[in-house]
Amino acid sequence: MEFFFNALIILALFGFLFLLFKPKKQPKSKEQKQEEICLNYKERLNTELLAIENFDERQKKKIALLKVFAKELEFNLFFDSEETKMLIQDLAKY
């Protein structure tokens, strides 16, 4: 019984030391996060439009996707309305 309590105390001590000294993650800057989101949208747009060969269907799908992206970006904390507009225009050229 005494061995069990000693082992429990040692495990708790190791757990506490691990939590105390584990490396801290540096948060991403706003610019890094914006770039990551932008690349994600470009990848999604490319993936969705890659399979469509007909130009008219491709344009319709692209417009629908851009509307969805704009709606998502409207609630994104990393983009204000002007940045959202610029990103959607950039995606429209893609």
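A quick note: this is a predicted structure, and the numbers were derived from the prediction, not measured. (Residues numbered from 1 in each chain as written. Predicted model: local features only at pLDDT ≥ 70, side-chain atom pairs only at ≥ 80, totals over all residues. Heavy atoms only, no water.)

S.K.: What am I meant to see in the environment of K85 here?
M.R.: Relative to the elements of secondary structure, K85 occurs in helix α4 (residues 81-93). When its relative accessible area of 48% is taken as the criterion, K85 is described as partly exposed. In sequence terms K85 and E74 are 11 residues apart; their C-alpha atoms lie 9.7 Å from each other. (Helix = DSSP H or I, 4+ residues; strand = E, 2+ residues; numbered from the N terminus. Buried < 20%, exposed > 50% of the residue type's maximum accessible area, 1.4 Å probe, protein only.)

S.K.: Would you take a moment to explain the packing of aromatic side chains for this structure?
M.R.: Across all of its chains, the model carries two aromatic pairs by this definition. When the centroid spacing of 4.5 Å and the interplanar angle of 45° are considered together, the rings of Y41 and F69 count as tilted. Taken together, the positions of Y41 in helix α2 (residues 30-50) and F69 in helix α3 (residues 55-74) put the pair 28 residues apart, joining distant regions of the chain. Y41 gets classed as buried once you look at its relative accessible area, which sits at 5%. Judged by relative accessible area, which is 0%, F69 ranks as buried. (Phe/Tyr/Trp six-rings, centres within 6.5 Å; stacked < 30°, edge-to-face > 60°.)

S.K.: I'm lost on the nonpolar core in this one. Help?
M.R.: Taken as a class, soluble globular proteins show a tendency for nonpolar side chains to be buried jointly. With 14 residues, the main nonpolar core has Y41, L45, F69, L73, L87 and L91 as its most contacted residues. Counting only elements with at least two residues in this core, the list comes to α2, α3 and α4. Filtering out sequence-adjacent residues up to four positions away, F69 remains in contact with Y41, R44, L45, I88 and L91. (Core = buried A, V, L, I, M, F, W, Y, C linked by side-chain atoms within 4.5 Å. Contact = heavy atoms within 4.5 Å.)

None of the figures reported here should be taken as evidence of function without further support.
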